[in-house]
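# Geometric and topological summary
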Amino acid sequence: MRHARSSANGAGVLAGRTPRVGLDEQGLAQAGALVGRLVRVPLASVVASPLQRCRQTVAPLVAERGLSVVTDGGFAEVDYGEWTGRKLSGLFKEPLWRVVQAHPSAAVFPGGEGLAQVQARAVVTVRAHDARVVADHGPDAVWLVCSHGDVIKALLADALGVHLDSFQRIVVDPCSVSVVRYTETRPFVLRVNDTGGDLAGIVPPPPKKGRRKASSDAVVGGTTGP
């Protein structure tokens, strides 16, 4: 899940890792509504980027569930370096902007990190947490990570098996939920940029007797739905 709308989103500013960037009024409402959207989704774990806007987004949910938040810097926002805190309207004029749009795998932010580096750390981190949750709760456990737009887009590109240079085609709105089921040999992408209501349909069906791990096989002809 991407964090809810922040004050920087509303102001058109690239917040990056700027501290103390919280949610605006609309974002607080989105975070509150998340409790109802996920009411029928059992959560084994909630993980968040250390940045304030992510921790604020999951706060109502974990309070309702009695869960604690695991923070992990592997899901932190992109280090935009010298671009941090600047207006997006001014960044459009930078030569690097076209690289970020058309060839993001080659984009390295001045004084910051590259988008390829972001994808690598995010994929390693999500796989490690998924393995932890599976070991502790079984292959059908559902867990939530709250992170940032470019980080989630990079994760979805990896899960979809598309090159990072195509990740700008993926849209991840504030407080949207995207769902990936990881298995030993391939991920399955179940939802992308879901900003709707009840998300009960993402819960796996009851496991078949004797099954110990999620199947890596795709269903021939498509699925029958939740």
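Described in the following lines is the structure provided in the data block. All of these numbers come straight from a predicted model, not from anything done at the bench.

Let us now look at helix H5 (residues 95–102). Within H5 the residues assigned to the buried category are Leu96, Trp97 and Val100. Buried positions in H5, seen along its axis, are confined to an arc of 110 degrees and lie on one side of it. In H5, the exposed residues that point more than 90 degrees away from the buried face are Pro95, Arg98 and Ala102. Contacts made by the buried residues of H5 are with helix H4 (88–91) and helix H6 (115–137).

With that settled, consider the packing of aromatic side chains. This model, assessed by the stated rule, comprises 4 aromatic pairs. For the ring pair tryptophan 83 and tryptophan 97, a centre distance of 6.3 Å and an interplane angle of 20 degrees mean the geometry is stacked. Linking tryptophan 83 in the loop between strand E2 (69–71) and H4 with tryptophan 97 in helix H5, this pair joins segments that are 14 residues apart in sequence. Overall, tryptophan 83 belongs to the buried group, its relative accessible area being 4%. When its relative accessible area of 17% is taken as the criterion, tryptophan 97 is described as buried.

One number sums up the size of the second largest pocket: a volume of about 570 Å³. Arg2, Leu14, Tyr80, Leu88 and Asp150 are the residues nearest the centre of the second largest pocket, which is lined by 27 residues in total. Among the residues making up the lining of the second largest pocket, the classes are represented as 14 nonpolar, 7 polar and 6 charged.

So, on to the pattern of salt bridges. For the coordinates displayed, the defined rule picks out 8 salt bridges. With a closest N to O distance of 2.8 Å, glutamate 113 and arginine 121 form a salt bridge. Each of the two residues, glutamate 113 as well as arginine 121, counts as buried. Aspartate 194 serves as the salt-bridge partner of arginine 191, at 2.6 Å between the closest nitrogen and oxygen.

For the rest of this paragraph, the subject is the nonpolar core. Ranked by internal contacts, the top residues of the largest apolar core, which has 31 residues, are Trp83, Phe109 and Leu115. Elements supplying a minimum of two residues to this core: H5, H6, strand E3 (143–146) and helix H7 (149–160). Once residues lying within four places of it in the same chain are set aside, the contact partners of phenylalanine 109 are Val78, Asp79, Tyr80, Trp83, Leu96, Val100 and Leu115. One finds Ala4, Val62, Leu144 and Cys146 within the second-largest nonpolar core, a separate group that totals 22 residues.

All right, on to the pairing of strand E4 (residues 177–182) then. Looking along a regular strand, one sees side chains alternate from face to face of the sheet. The pairing of E4 with strand E5 (residues 187–194) spans 5 bridges and is classified as antiparallel. Bridging from a neighbouring strand, valine 177 pairs with aspartate 194 of E5.

Position of alanine 76 relative to the elements: it lies in the loop between E2 and H4. Looking at alanine 76, the relative accessible area reads 8%, which means it is buried.

This part is about the pairing of strand E1 (residues 45–48). Side chains Ser45 and Val47 of E1 all project onto a buried face; the interleaved residues Val46 and Ala48 project onto the opposite face, where all are buried too. Where E1 and E3 come together, 4 bridges link them in parallel fashion. From the neighbouring strand, serine 45 faces E3, where its bridge partner is tryptophan 143. Read as a crossover between parallel neighbours, the route from E1 over helix H3 (residues 52–65) to E2 is right-handed.

Attention now goes to helix H2 (residues 25–37). The end-to-end C-alpha distance of H2, which contains 13 residues, comes to 19 Å, matching closely the 18 Å that a straight helix rising 1.5 Å per residue would cover. If you check which residues of H2 are buried, you get Gly27, Ala31, Leu34, Val35 and Arg37. For H2, the secondary structure elements touched by its buried residues are H3, E4 and E5. Between the side-chain oxygen at the start of H2 and the backbone nitrogen of glutamine 26 there is a gap of 3.2 Å, and the oxygen is on aspartate 24.

This brings us to the sheet that holds E3. Across the sheet, 3 strands lie side by side as E2-E1-E3; this open sheet has parallel pairing. Strand pairing shows two members of the sheet lacking a second neighbour, E2 and E3, which therefore form its edges. Each strand of the sheet is rotated relative to its neighbour by a mean of 25 degrees, with strand direction disregarded. Relative to E2, E1 is paired through 3 bridges, and the arrangement is parallel. By the bridge assignment for E2, alanine 48 is matched with threonine 71. Across the sheet, H3 touches E1, E2 and E3, and the angle it forms with E3 is around 150 degrees.

Parameters at a glance
Throughout this document, residue positions are counted from 1 along each chain, in the order its sequence is written. In view of the model being predicted, local features appear only for residues whose pLDDT reaches at least 70, and side-chain atom pairs are presented and counted only at 80 or more, with totals across whole chains, interfaces and linings using the full set of residues. Side-chain measures here rest on the full set of heavy atoms in the structure, leaving out hydrogens and waters. Only protein chains enter the accessibility calculation, which uses a 1.4 Å probe. A residue is then buried if its area is under 20% of the maximum for its type, exposed if over 50%, and partly exposed in between. What counts as a helix is a DSSP run of H or I of at least four residues, what counts as a strand is a run of E of at least two, and both are numbered from the N terminus. An arc is given here, and it is the one of the directions from the helix axis to the C-beta atoms. Here, residues are in contact when the closest pair of their heavy atoms is within 4.5 Å. The pairing test for Phe, Tyr and Trp rings, Trp by its six-membered ring, is centres within 6.5 Å, and the orientation test on the planes gives stacked under 30 degrees, edge-to-face over 60, and tilted for anything in between. The distinction between a cavity and a pocket rests on a 1 Å grid over the protein atoms alone: a 1.4 Å probe fits inside a cavity but cannot get out, while a pocket stays open yet meets protein on both sides within 12 Å along at least five of seven lines, and a residue with an atom within 4 Å of a point counts as lining. Grid points are joined across faces, edges and corners, and a volume is the space filled by probe spheres set on the points. Residue classes follow a fixed rule: Ala, Val, Leu, Ile, Met, Phe, Trp, Tyr, Cys and Pro count as nonpolar, while Asp, Glu, Lys and Arg count as charged, and any other residue, Gly among them, counts as polar. Salt bridges are counted wherever a side-chain nitrogen of Lys or Arg sits within 4 Å of a carboxyl oxygen of Asp or Glu. Here, nonpolar core refers to any group of buried Ala, Val, Leu, Ile, Met, Phe, Trp, Tyr and Cys residues whose side-chain atoms link them within 4.5 Å. A pair of strands is labelled paired if DSSP reports no fewer than 2 bridges between them. Crossovers are described as right-handed under a simple rule: with the strands pointing away from the observer, the path leading from the first strand over the helix to the second runs clockwise. Working rule for helices: expected span equals 1.5 Å times residues minus one. Within 3.5 Å is the distance limit for a polar contact, defined as a pair of N or O atoms, with the added protein rule that one can donate a hydrogen and the other accept it, and that residues adjacent in sequence qualify only through two side-chain atoms. Think of each axis as a best-fit line through the C-alpha atoms, taken over the contacting stretch in the case of a helix, with angles from 0 to 180 degrees between the N-to-C directions.

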